[in-house]
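# Residue-level structural notes
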Amino acid sequence: MNEPGRRIEVASDQDVVRVRQQVRTLAVAVKLSLVDQTKIVTAASELARNTLVYGGGGWVEVAPADNGRRKGIRIVFSDHGPGIADLDLAFTDGYTTGGGLGLGLSGARRLVDEFDIVTAVGEGTTITVTKWCR
Amino acid sequence: MERVPVLKIGDILLVSIQIDMEDQVALQLQEDLAERIVATGCHGVIIDISALDIVDSFVGRTLATIAAISRVLDAETVVVGMRPAVAITLVELGLSLPGIRTALNVELGMDLLAREREDNGDDDEETNGLEGAETPAVPAP
Ligand SMILES: Nc1ncnc2c1ncn2[C@@H]1O[C@H](COP(=O)(O)OP(=O)(O)O)[C@@H](O)[C@H]1O
Ligand SMILES: [Mg+2]
């Protein structure tokens, strides 16, 4: 079910571009619709930037997904940064501690089919998202 | 680092974004445009994003900031060529780009700027006011 993915280290702006490219390529390969390709690449861009900016860097893994009924794409974003103390707050539209628009977490969650977050203060944050073909 | 070129065409600055921009490249474009508006005295900026397959909140914010900066420098910004899938995604992301004028393509963008200039009687003093206040770039929390 969980095929091995490609791991991308995220330590710079350029790596965020690399994540977008990797996700784009796989989204096309698994035949997501054009709108869904756009949504998953946008969500990945938001979450990879968070990994870099707030997580202090980390890694992203992009892999094909298959639940027996549908194919799709699964992406994991992981860092050993400060973690998120108040998740409700972090998912509030417009909430930012870094002068952003505060739409990355909440917006990314709206753009994907499945969104899972594991975070612990002082340990880090791991977010897994999935987008399925319709 | 790559740089997005800014072209001067008559009274208009034209920016056609052809690359997947690193965040630093987007910030550099913001600065370059502000400088070129002042250096050329242009009253219109057209940003063609037809080659972009996504616009995330960083690029969205950059576009809104460019529009705000140009307005302060007496230039109007029009974003042209947004792909339908990008528009759908932007709205779902929660970014409606308030304060940004849009047109379907460069030609219609130029028409829009020309019409605006005429409507405003081409008189700088009169139209500057506090018009920008209508358009917060950041949605209220
Ligand atoms: N990986 C992360 N590690 C720690 N904090 C994070 C992480 N991702 C997001 N956050 C926190 O959640 C807030 C909201 O994130 P987001 O919705 O992407 O908005 P923005 O990036 O504009 O601040 C951030 O300002 C930050 O405080
Ligand atoms: Mg963010």
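Residues numbered from 1 in each chain as written. Chains lettered and ligands numbered in written order. Predicted model: local features only at pLDDT ≥ 70, side-chain atom pairs only at ≥ 80, totals over all residues. Heavy atoms only, no water.

## Here's the deal with the confidence of the model for chain B
Residues and elements named next belong to chain B. With 86% of its residues at a pLDDT of at least 70, chain B reaches an overall mean of 88. Throughout residues 125–137 the model reports pLDDT below 50, and contacts reaching past four residues in sequence, or to other chains, amount to eight contacts. This prediction of the complex comes with two scores: 0.91 for pTM and 0.94 for ipTM. (pLDDT = per-residue confidence, 0-100. Contact = heavy atoms within 4.5 Å.)

## Quick notes on the side chain of Ser45 of chain A
Inspection of the secondary structure puts Ser45 of chain A in helix H2 (residues 34–53). The exposure class assigned to Ser45 of chain A is buried, which follows from its relative accessible area of 0%. Within polar-contact distance, the side chain of Ser45 of chain A engages the side chain of Asp56 of chain B at 2.5 Å. (Helix = DSSP H or I, 4+ residues; strand = E, 2+ residues; numbered from the N terminus. Buried < 20%, exposed > 50% of the residue type's maximum accessible area, 1.4 Å probe, protein only. Polar contact = N/O pair within 3.5 Å; in protein donor to acceptor, adjacent residues only side chain to side chain.)

## Some points on the packing of H2 of chain A against helix H3 (residues 84–93) of chain B
Orientation of H2 of chain A relative to H3 of chain B, taken along the N-to-C sense of each, is 50 degrees, at an axis distance of 9 Å. Comparing the axis directions of H2 of chain A and H3 of chain B gives the class oblique. Here H2 of chain A runs over H3 of chain B; the crossing is right-handed. Every residue of H3 of chain B that contacts H2 of chain A at Leu34, Val35, Thr38, Lys39, Thr42 and Glu46 of chain A is listed here: Ala85, Val86, Ile88, Thr89, Glu92 and Leu93 of chain B. In the contact of H2 of chain A with H3 of chain B, the residues fall into six nonpolar, three polar and three charged. (Axes fitted to C-alpha atoms, helices over the stretch in contact; angles between N-to-C directions. Parallel < 35°, antiparallel > 145°, perpendicular 65-115°, else oblique. Left-handed = near helix turned anticlockwise from the far one by under 90°. Nonpolar A, V, L, I, M, F, W, Y, C, P; charged D, E, K, R; others polar.)

## Quick word on the interface of chain B and chain A
Each partner contributes residues to the interface: chain B has 24 residues there, and chain A has 25 residues. Of all residues in chain B, Asp20, Glu92 and Leu93 of chain B give up the largest surface area on contact with chain A, accounting jointly for 26% of the area buried on that side. Counting across the interface, chain B meets chain A through seven salt bridges. Asp20 of chain B is the partner of Arg20 of chain A in a salt bridge, and the nearest nitrogen-oxygen pair spans 2.4 Å. At the boundary of chain B and chain A, one finds 13 residue pairs in polar contact (both at pLDDT 80 or more). Elements with a minimum of two residues in the side of chain B that touches chain A: helix H1 (23–40), helix H2 (57–72) and H3 of chain B. Sort the elements by how many residues they give to the side of chain B that touches chain A and H3 of chain B lands first, with six residues. (Buried area = accessible area lost by both parts, 1.4 Å probe. Salt bridge = Lys/Arg side-chain N within 4 Å of Asp/Glu carboxyl O.)

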